[in-house]
Structures are given as C-alpha cells and as structure tokens.
Amino acid sequence: MREEIMRELQCVSFAMDELRLFIDTHPDCTEAIALFNEYAAKREELKCRHNTEISPLGGYDAEESDCWRWVDNSAWKGGYN
Amino acid sequence: MWEYEKRLQFPVNIKTPDARAAKVICSQYGGPDGELGASLRYFSQSYAMSNNKVANLLRDIATEELAHLEMVGTIVMQLTKNLTIDQIEREGFDTYFVDHTVGVYPQAAAGVPYTAAFMQSKGDPITDLFEDMAAEQKARTTYDNILKLVDNPDVIEPIKFLRQREVVHFQRFGEALAMLRDDLDSQNFYYYNPSFKNGCR
C-alpha cells in the first residue's frame with residue numbers, strides 16, 4: 001500500500017513539476033494551467049492519504065497520530081524494504 | 001524557504017551493489033557538470049536576473065536540481081551498500097574508500113572535490129542563460145557517457161530519467177532566452193547589461 005501511494009504521488013507530482021516549468025515560459029497557456037490544477041487536487045488527496053496512513057510527507061504537515069512518525073520515514077533513501 | 005518532502009522525484013531501487021558504477025555516477029553528485037553545481041548555479045544567478053519570469057524559472061529549476069542531487073546520492077548509496085573489501089579493491093573503489101569509506105561525498109569521478117569554480121554567476125542575464133544552456137548539454141553528455149558504462153536496468157532507469165530532464169531544462173532555458181531578448185534592444189542585445197545599467201552606456 002505504501003509503495004502504491006508513493007508511486008502515485010511520484011507520478012502526479014512529476015506531472016506538476018513538468019507543467020510548472022512549461023507554464024513558467026508559457027504563462028498564457030490556460031490549458032496547461034487547468035491541467036496543473038487538476039493534478040494539484042489529485043495530489044492533495046494522495047498527500048492526505050500518505051499523512052494519515054503512513055507518516056507526514058512534508059515538514060509542515062501535521063502529525064496525524066500521537067507518535068512522531070516523521071523520523072521513521074526515510075523514503076529519500078529510495079527502495080522499500 | 002523550502003518545504004522538504006520525504007520522497008524521491010523518481011524511484012531508485014538498486015538491488016545489486018556495483019562499486020565501479022558508483023565511482024563514475026558520483027560525478028553527477030559533485031563533479032564539474034553535476035547536480036550540486038547546477039542547483040547552486042541557477043539559484044545564485046536568479047538574484048541578478050532582470051526578467052522576473054526568468055528569475056522564477058531559475059528558482060524552479062534550481063529546486064528540481066536539488067531533487068536530482070538527492071536521487072544521485074541515493075543511487076551512489078545503494079550501489080555501495082554491503083560491498084566487501086574484496087569488491088572494493090577489485091572494482092577500483094579503493095581510492096574513494098580510503099578517504100570517504102562508503103559515505104556520499106561531492107567529487108568528480110577522478111577525485112577532484114566539488115568547487116564553485118565549476119560554475120559561474122556573471123551578473124549578466126544573457127551571459128548567464130548561455131552558460132545554463134551549455135550546462136544542461138554538458139550534463140546530458142555526462143549522463144550519455146554514464147549510460148555507456150552501466151548495464152544494470154535498476155541503474156539505467158533513473159539515469160535515463162535524469163538525462164531526459166537535462167533535455168527539458170535546455171528547452172526551457174532556450175525559451176527563457178527568447179523572453180529575455182524581448183526586453184532588450186533587438187538591434188543590439190549587448191547594448192547594455194540589464195542587470196547593471198548605470199555607467200554601462
């Protein structure tokens with residue numbers, strides 16, 4: 001489950017990374033902006049799931065349990081063991 | 001200010017250590033055309049960038065480069081995990097090992113430590129953007145060379161991703177250069193430095 005949420009987060013976030021740079025140099029492309037917003041909504045959902053079911057994804061995300069799970073997440077090391 | 005997210009931009013999951021590959025890939029961590037230099041270059045240049053949209057693009061790309069630095073560090077870490085002393089010697093990793101054990105250190109493949117002399121922040125927007133486009137191409141060539149030297153699909157996939165990002169950034173910087181030229185005297189783009197107008201006419 002953890003792997004599945006992370007994979008989806010990576011896909012949606014990457015789509016936004018790509019669109020962000022594209023819109024930076026094409027600020028009048030409303031189609032791209034609409035797509036960016038569509039992915040942003042999807043990402044928000046996934047982020048909420050990650051925060052509740054696994055651990056806070058970002059440093060400003062609330063700890064949704066009474067444990068400090070922030071330091072248990074080393075997803076930056078890659079892989080899932 | 002940054003908000004850090006605990007995830008990689010693209011998955012890295014290498015199951016077999018390979019010291020030889022680690023030794024060449026570490027160049028994209030702290031080598032002449034590596035991700036550290038890229039991030040620091042665009043971030044530093046953004047301060048003197050006269051066109052506000054381009055300055056913001058520099059920040060966005062600098063941020064993505066930090067995520068690439070994280071990926072390259074992860075690749076090096078996974079490639080050097082559980083190596084035996086025998087493998088370290090046989091695969092030519094001993095010269096790195098003696099100074100850094102299997103810690104991740106910013107250096108070029110041949111051992112030159114990261115230095116800001118690898119990059120420039122010239123304070124002239126056109127000059128800086130040309131440097132940036134060249135930097136993306138140099139990094140792309142380095143990834144092409146890495147792809148000639150590695151054969152493990154677990155390593156090839158994230159390296160191919162990073163190579164592709166160099167191509168996209170090159171394209172975006174090219175568009176940024178066109179935006180910048182629109183702000184300037186089309187008869188002579190170098191008539192003055194838009195970031196240092198006083199005394200330059």
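Placed above this text is the structure.
Computed from a prediction, not measured in an experiment: that's the story for all the values here.

### Looking at the overall build of chain A
For step 1, the next point in the chain: Along its length, chain A carries two helices and zero strands.
For step 2, the next point in the chain: What you see for chain A is a C-alpha radius of gyration of 15 Å, clearly larger than the 12 Å of a compact globule of 81 residues, by over 25%.
For step 3, the next point in the chain: By its C-alpha atoms, chain A is 45 × 25 × 20 Å across when sized along the principal axes.
For step 4, the next point in the chain: When each of the 81 residues of chain A is scored for burial, the buried share is 16%.
For step 5, the next point in the chain: If you take every contact in chain A between residues at least 6 apart in sequence, the share linking residues at least 24 apart comes to 40%.

### Focus: the overall build of chain B
For step 1, the next point in the chain: Scanning chain B from N- to C-terminus turns up eight helices and zero strands.
For step 2, the next point in the chain: From first element to last, N terminus to C terminus, chain B shows the α and β order α-α-α-α-α-α-α-α.
For step 3, the next point in the chain: The C-alpha extent of chain B, read off along each of the three principal axes, is 65 × 35 × 30 Å.
For step 4, the next point in the chain: The 201 residues of chain B split such that 40% are buried.
For step 5, the next point in the chain: A separation of at least 24 residues holds for 76% of the contacts in chain B among residues at least 6 apart in sequence.

### Focus on the environment of Asn52 of chain B
All names here are of chain B.
For step 1, the next point in the chain: You can see Asn52 is positioned in helix α4 (residues 52-79).
For step 2, the next point in the chain: For Asn52, a count of 8 C-beta atoms within 10 Å puts it in the exposed group.
For step 3, the next point in the chain: Separated by 48 residues in sequence, Asn52 and Tyr4 have C-alpha atoms that sit 24 Å apart.

### Some words on the interface of chain B and chain A
Accessible area lost when the parts come together is the quantity often used to give the size of an interface.
For step 1, the next point in the chain: The interface of chain B with chain A comprises 26 residues on the first partner and 20 residues on the second.
For step 2, the next point in the chain: Elements that contribute at least two residues to the side of chain B that touches chain A include exactly α4 and α8 (153-182) of chain B.
For step 3, the next point in the chain: Of all the elements, α4 of chain B adds the most residues to the side of chain B that touches chain A, at ten residues.
For step 4, the next point in the chain: For the side of chain B that touches chain A, the per-class residue count stands at eleven nonpolar, five polar and ten charged.

### Considerations on the nonpolar core
For step 1, the next point in the chain: Counting 47 residues, the largest nonpolar core has Ala22, Ile25, Met71, Ile75, Val76 and Leu79 of chain B as the members making the most contacts within it.
For step 2, the next point in the chain: Sort the elements by how many residues they give to this core and α4 of chain B lands first, with eleven residues.

### Some thoughts on the environment of Ala176 of chain B
For step 1, the next point in the chain: With respect to the element layout, Ala176 of chain B can be found in helix α8.
For step 2, the next point in the chain: We classify Ala176 of chain B as buried; it has 26 C-beta atoms within 10 Å.
For step 3, the next point in the chain: Through-space distance from the C-alpha of Ala176 of chain B to that of Leu129 of chain B is 7.9 Å; in sequence the pair is 47 residues apart.
For step 4, the next point in the chain: The residues contacting Ala176 of chain B, other than those within four sequence positions of it, are Thr25 of chain A together with Val54, Leu57 and Leu129 of chain B.

### Re the packing of helix α7 (residues 125-149) of chain B against α8 of chain B
Residue and element names in this part refer to chain B.
For step 1, the next point in the chain: Packing of α7 against α8 brings their axes to within 9 Å, and their N-to-C directions diverge by 160°. Classified by the angle between their axes, α7 and α8 sit roughly antiparallel to one another. Where α7 crosses over α8, the handedness of that crossing is left-handed.
For step 2, the next point in the chain: Class assignment of the residues belonging to the contact of α7 with α8 gives a composition of 17 nonpolar, three polar and six charged.

### Observations concerning the packing of helix α3 (residues 35-46) of chain B against α7 of chain B
Residues and elements named next belong to chain B.
For step 1, the next point in the chain: Relative orientation of the contacting elements α3 and α7 amounts to 165°, with a least axis distance of 11 Å. Relative to α7, the element α3 lies roughly antiparallel. Note on packing geometry: the crossing formed by α3 with α7 is left-handed. Of α7, the residues touching α3 (which contributes Ala38, Arg41, Tyr42 and Gln45) are Asp128, Asp132, Ala135 and Ala139.
For step 2, the next point in the chain: Residue classes in the contact of α3 with α7 are distributed as four nonpolar, one polar and three charged.

### Focus: unusual backbone geometry
Residue and element names in this part refer to chain B.
For step 1, the next point in the chain: At Asn82, a position not held by glycine, the phi torsion is positive, near 60°.
For step 2, the next point in the chain: Turning to its location among the elements, Asn82 is positioned in the loop between α4 and α5 (85-90).
For step 3, the next point in the chain: Of note, the phi angle at Thr101 is positive, near 50°, even though the residue is not glycine.
For step 4, the next point in the chain: Within the secondary structure, Thr101 is located in the loop between α6 (94-100) and α7.
For step 5, the next point in the chain: A tally of 10 C-beta atoms within 10 Å means that Thr101 is categorised as exposed.

### Topic: the environment of Glu91 of chain B
For step 1, the next point in the chain: Inspection of the secondary structure assignment puts Glu91 of chain B in the loop between α5 and α6.
For step 2, the next point in the chain: Along the sequence, Glu91 of chain B and Arg20 of chain B sit 71 residues apart, while their C-alpha atoms lie 5.3 Å from each other.

What counts, and at which threshold
- Residues numbered from 1 in each chain as written.
- Chains lettered and ligands numbered in written order.
- Predicted model: local features only at pLDDT ≥ 70, side-chain atom pairs only at ≥ 80, totals over all residues.
- Helix = DSSP H or I, 4+ residues; strand = E, 2+ residues; numbered from the N terminus.
- Rg over C-alpha atoms; globule rule 2.2 N^0.38 Å.
- Buried ≥ 20, exposed ≤ 12 C-beta atoms within 10 Å, placed from the backbone.
- Contact = placed C-beta atoms within 7 Å.
- Nonpolar A, V, L, I, M, F, W, Y, C, P; charged D, E, K, R; others polar.
- Core = buried A, V, L, I, M, F, W, Y, C linked by C-beta atoms within 7 Å.
- Axes fitted to C-alpha atoms, helices over the stretch in contact; angles between N-to-C directions.
- Parallel < 35°, antiparallel > 145°, perpendicular 65-115°, else oblique.
- Left-handed = near helix turned anticlockwise from the far one by under 90°.

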